[in-house]
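What follows is each chain in one-letter form.
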Amino acid sequence: GRNLALTRRPAMEQGRGGGVSASELEGRTGARVLPDSFDVVDDPTQKEWRGRPLYGSYDVDREGVAAAPLHLIEKGVLKGFLLTRQPVRGFEGSNGRARMPGNYGAAAAGFSNLFIGSSETSPAAELKQKLIELCRTRDKPYGIMVRKMDFPSSASLDEARRLLSGSPGSTPPVSIPILVYKVYPDGREELVRGLRFRGLNARSLKDILAAGDDSTVFEFMNSPAPFALIGASSFAAETSVVAPSILIDDLELHPAEEELPKLPVAPAPELVR
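Residues numbered from 1 in each chain as written. Predicted model: local features only at pLDDT ≥ 70, side-chain atom pairs only at ≥ 80, totals over all residues. Heavy atoms only, no water.

Engineer: What's the story with the overall build of the chain in this structure? I'm lost.
Structural biologist: Scanning the chain from terminus to terminus reveals two helices and 18 strands. For 273 residues, the compact-globule formula gives about 19 Å, and the C-alpha radius of gyration of the chain, at 20 Å, lands near that figure. With the C-alpha coordinates aligned to their principal axes, the bounding extent of the chain is approximately 55 × 50 × 40 Å. Scored against the burial criterion, the 273 residues of the chain give a buried share of 38%. (Helix = DSSP H or I, 4+ residues; strand = E, 2+ residues; numbered from the N terminus. Rg over C-alpha atoms; globule rule 2.2 N^0.38 Å. Buried < 20%, exposed > 50% of the residue type's maximum accessible area, 1.4 Å probe, protein only.)

Here it is as structure tokens:
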């Protein structure tokens, strides 16, 4: 979602970035960034979804611009970005997405209710079977299923520093997968601990093979901190994402480099009143 926001870079001496992170999608307007069946809309005017109130709704942004639906991706093609009143080359005016304080006194753009949908979906239960079929076709011993990710991130500051310590120009990190399972050809699942994504970026989303029909609401407090690190920012914006389960062709995970905490020796005590 953050790659859909553009930020004007300050005038700095050559070789100095000014502390502004660039979007992976910058300069790719009109290019395909998702499969042809996918659409992405940011709609702060929608108050509820399937009878459930949406967290990210608002009437005007921090700069007083009225909220309106914004089609960001249509049929897989990038159509626009989240903009504020801060001038950005190639774009005219704000589209009412100033949601957080930004660098150098300017407002930072952020999404509100982000709807990610596909016109071609499969029952969610079939995605696991398709994963198994891929493993058999490619003679792989198992596939990987991620059921839950840590976002906003509750990682320790040491872990955050490790995630952010990549070389200049490297892929920005994503939050840590929490529930990861090996899925074997017979359908058996095995929980795996201590895995991290490697090389997962916005371009990886072009490798989506299928989307489920199980769109779900995910609500969180977005902040300017890296992957909305809990407690690392003094300001946060209410945000909702409505998205389906997806099957991605090729992603790499690797074991965490740090030592994992040991599992409890004794089970947790029963809760009694």
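On we go from here.
Engineer: Would you mind showing me how to read the environment of Pro-141 here?
Structural biologist: Within the element layout of this structure, Pro-141 appears in the loop between helix H1 (124-137) and strand S10 (143-149). On the basis of relative accessibility, which here comes to 54%, the residue Pro-141 falls in the exposed class. Contact partners of Pro-141, with chain neighbours within four places excluded, come to Tyr-184 and Pro-185. (Contact = heavy atoms within 4.5 Å.)

Engineer: I keep staring at the nonpolar core and nothing clicks. Help me out?
Structural biologist: In a soluble, globular protein the nonpolar side chains are often hidden away together inside. Grouped together as the largest cluster of nonpolar side chains are 25 residues, with contacts concentrated most on Leu-4, Leu-72, Ile-73 and Leu-82. Counting only elements with at least two residues in this core, the list comes to strand S1 (38-42), strand S4 (70-74) and strand S14 (208-212). When residues in this core are grouped by element, the largest group, three residues, is from S4. When neighbours within four sequence positions are excluded, Ile-73 is seen to be in contact with Leu-4, Val-33, Leu-34, Phe-38, Asp-39, Val-40, Leu-78 and Lys-79. (Core = buried A, V, L, I, M, F, W, Y, C linked by side-chain atoms within 4.5 Å.)

Engineer: Quick question: what am I supposed to make of unusual backbone geometry here?
Structural biologist: Working note: non-glycine residues mostly have negative phi, and peptide bonds are mostly trans. Residue Pro-152 is reached from Phe-151 by a cis peptide bond, and omega for that bond is 0 degrees. As for its placement among the helices and strands, Pro-152 is situated in the loop between S10 and helix H2 (157-164). Despite not being glycine, Lys-75 shows a phi value in the positive range, around 50 degrees. Along the chain, Lys-75 falls in the loop between S4 and strand S5 (77-78).

Engineer: Just checking my understanding: could you explain the sheet that holds strand S12 (residues 189-192) for this structure?
Structural biologist: As a general point, the strands of a sheet are linked pairwise by backbone hydrogen bonds and lie either parallel or antiparallel. The three strands are arranged S10-S11-S12 in an open sheet whose pairing can be described as antiparallel. Two strands in the sheet have a free side with no partner beyond their single neighbour: S10 and S12. Sheet twist, expressed as the average angle between the axes of neighbouring strands with direction ignored, equals 30 degrees. Bridging between S10 and strand S11 (residues 177-183) involves six bridges; their strand directions are antiparallel. (Pairing = 2+ DSSP bridges. Axes fitted to C-alpha atoms, helices over the stretch in contact; angles between N-to-C directions.)

Engineer: Explain the sheet that holds strand S16 (residues 237-243) to me, please; I cannot follow it from the model alone.
Structural biologist: Pairing within the open sheet is mixed, and its six strands lie in the order S5-S4-S1-S8-S16-S15. A strand with exactly one partner marks an edge of an open sheet, and here the two such strands are S5 and strand S15 (216-222). In terms of strand pairing, S1 meets S4 through three bridges, oriented antiparallel. Bridge pairing in S4 links Val-40 to Ile-73.

Engineer: Can you help me understand the pairing of S16 in this one?
Structural biologist: Both faces of the sheet carry side chains from a regular strand, because those side chains alternate between them. With five of seven residues buried, S16 is to be regarded as a mostly interior element. Direction of pairing for strand S8 (residues 113-118) relative to S16: parallel, over a ladder of three bridges. From the neighbouring strand, Phe-115 faces S16, where its bridge partner is Val-242. Judged from the seven bridges that link them, S15 and S16 form a sheet pairing that is antiparallel. Note on S16: the bridge partner recorded for Asn-222 is Ala-237.

Engineer: Got a minute to help me understand the confidence of the model for the chain in this structure?
Structural biologist: Predicted coordinates in regions of low pLDDT should not be interpreted in detail. Looking at the chain, pLDDT values average 86 and 91% of them are 70 or higher. Averaged over each element, pLDDT in the chain is lowest for H2 (75) and highest for S1 (97). (pLDDT = per-residue confidence, 0-100.)

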